[in-house]
Amino acid sequence: MTLPRPEEQSLDQRPLHVRIAADLRDDIMNGELGPGARLPSTTHLKVRFDASSATVQKALGLLKEERLVIGRAGSAVIVREHRQRTIRPADSLSTGASADAPYPWLTDAAGPGAHAVSRLVEVREALPPADVALALGLGPDDRALLRHQLLRIDGEPAELVRSYYPLDIARGTALTEARKIKGGTPTLLAGLGFRPRLSVDRVSARIPTQEEHRALGLSSDLPVLRTLRTVFSDDRRPVEVTVMVKAGHLYELRYEFAPD
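Computed from a prediction, not measured in an experiment: that's the story for all the values here.

Conventions used here
Residues numbered from 1 in each chain as written. Predicted model: local features only at pLDDT ≥ 70, side-chain atom pairs only at ≥ 80, totals over all residues. Heavy atoms only, no water. Helix = DSSP H or I, 4+ residues; strand = E, 2+ residues; numbered from the N terminus. Buried < 20%, exposed > 50% of the residue type's maximum accessible area, 1.4 Å probe, protein only. Contact = heavy atoms within 4.5 Å. Areas by Shrake-Rupley, 256 points an atom, 1.4 Å probe, with all protein chains shown as cover. 1 Å grid on protein atoms, 1.4 Å probe; cavity = no way out; pocket = protein on both sides within 12 Å on 5 of 7 lines; lining within 4 Å. Points joined across faces, edges and corners; volume = space filled by probe spheres on them. Nonpolar A, V, L, I, M, F, W, Y, C, P; charged D, E, K, R; others polar. Axes fitted to C-alpha atoms, helices over the stretch in contact; angles between N-to-C directions. Parallel < 35°, antiparallel > 145°, perpendicular 65-115°, else oblique. Left-handed = near helix turned anticlockwise from the far one by under 90°. Core = buried A, V, L, I, M, F, W, Y, C linked by side-chain atoms within 4.5 Å. Arc of directions from axis to C-beta. Phe/Tyr/Trp six-rings, centres within 6.5 Å; stacked < 30°, edge-to-face > 60°. Lys NZ or Arg CZ within 6 Å of the ring centre and 35° of its normal. Patch = residues over 30% accessible without salt bridge, like charges linked within 9 Å, V, L, I, M, F, W, Y side chains within 5 Å. Salt bridge = Lys/Arg side-chain N within 4 Å of Asp/Glu carboxyl O. Pairing = 2+ DSSP bridges.

Describing the overall build of the protein
Here's step 1: Per the secondary structure count, the protein includes nine helices and 10 strands.
Here's step 2: Residues classed as buried in the protein amount to 43% of the 260 residues present.
Here's step 3: Taking contacts inside the protein between residues at least 6 apart in sequence as the whole, the part at least 24 apart equals 63%.
Here's step 4: Here the protein displays about 14000 Å² of accessible surface, and carbon together with sulfur accounts for 52% of that area.

In structure tokens form, the structure reads like this:
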């Protein structure tokens, strides 16, 4: 990677160790430094970035805190094997082969060789955020059923999930119960006569809130990915709106489109 010219450097007012971490982070995320690869030595990085040993170590410390690399002072720093996971949003609409089958989206989120679990945090009727209410066609004082979950992969917090359902669909069903739903909500909704037909995602990057920062175990103000997903049944009726928040530097979303 070519260093920016002096006049370009002057435009970036971030501390040097933050800028070093940003460039190394890009090398990791674009595959220049693949899983299991050793980062360049401190000596090399000092020359590359015209930085002191302390500044280089501070930059590497950021990457360790962000769960992108592992290593100790005085030893090689290695890119983690699962430094970034790929999520296919289309899997969220899949139903299990049976009521006892693993959720397809949960298996896909973990990836090969990893273990994912979803913990149900709470189930209650609640006033949804304005964008969720709009997507569900609710008024400002209308409530929806909230199912709040935290996804963990290999023991680490990975994603906050808040799903909202119209009360006329949810009441009197397993959606209102504080337990996991066998086969996942797509299976349940299909059984209730509201088979998911279309899913529309709106994805944005933003600085995490205090709650998101704490719940996801984040170490810096790197952006999170926020997905607002609306699931429609027949006649484009919205039957589920979900807000998903995950660390932006640890995940990428994969969408596939076929030409007409």
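A short note on empty space enclosed by the protein
Here's step 1: All told, the structure shown has two cavities of 30 Å³ or more when counted by the stated rule.
Here's step 2: For the second largest cavity, the calculated volume is near 50 Å³.
Here's step 3: Looking at side-chain class alone, the lining of the second largest cavity contains five nonpolar, three polar and one charged residues.

A word on the packing of helix 2 (residues 16–29) against helix 4 (residues 53–65)
Here's step 1: The geometry of helix 2 relative to helix 4 is characterised by a closest axis approach of 8 Å and an angle of 50° between their N-to-C directions. Here helix 2 is positioned oblique relative to helix 4, judged by the angle of their axes. Between helix 2 and helix 4 lies a crossing of right-handed hand. Contact with helix 2, carried on its side by L16, H17, V18, I20, A21, L24, R25 and I28, involves T55, K58, A59, L60, L62 and L63 of helix 4 and no other residues of that element.
Here's step 2: A breakdown of the residues in the contact of helix 2 with helix 4 according to their chemical character gives 10 nonpolar, two polar and two charged.

A word on the nonpolar core
Here's step 1: Within the largest apolar cluster, 42 residues are counted, with the highest numbers of intra-cluster contacts made by L39, L63 and V69.
Here's step 2: Core analysis: the second largest hydrophobic core is formed by 12 residues, L145, L167, V231 and V239 among them.

Brief notes about helix 3 (residues 42–49)
Here's step 1: Regarding helix 3, the residues found buried are L45, R48 and F49. Angularly, the buried residues of helix 3 cover 75° about the axis, an arc narrow enough to put them on a single face. Turned more than 90 degrees away from the buried face of helix 3 sit T43 and V47, all of them exposed.
Here's step 2: Two residues or fewer past helix 3, D50 is found with a positive phi of approximately 50°.

Thoughts on the packing of aromatic side chains
Here's step 1: The tally for this structure, following the rule as stated, stands at zero aromatic pairs.
Here's step 2: The residue whose ring lies beneath R236 is F232, and the NZ or CZ to ring-centre distance is 4.8 Å.

Details of the environment of M29
Here's step 1: Secondary-structure assignment places M29 in helix 2.
Here's step 2: It is 9.7 Å that separates the C-alpha atoms of M29 and Y251, two residues lying 222 residues apart in sequence.

Structural notes on a nonpolar patch on the surface
Here's step 1: A cluster of nonpolar side chains, V203, Y255 and F257, forms an exposed patch at the surface whose accessible area comes to about 340 Å².
Here's step 2: Within the secondary structure, F257 is located in the segment after strand 10 (251–253).

Remarks on the sheet that holds strand 8 (residues 224–232)
Here's step 1: Ordered in space as 4-5-6-9-8-7, the six strands form an open sheet in which the pairing is antiparallel. A strand with exactly one partner marks an edge of an open sheet, and here the two such strands are strand 4 (116–126) and strand 7 (198–206). Each strand axis lies, on average, 15° off the axis of its neighbour in the sheet, ignoring direction.
Here's step 2: The sheet contact formed by strand 7 and strand 8 spans nine bridges and is antiparallel. Its bridge partner being in strand 8, A205 is matched across the sheet by L225.

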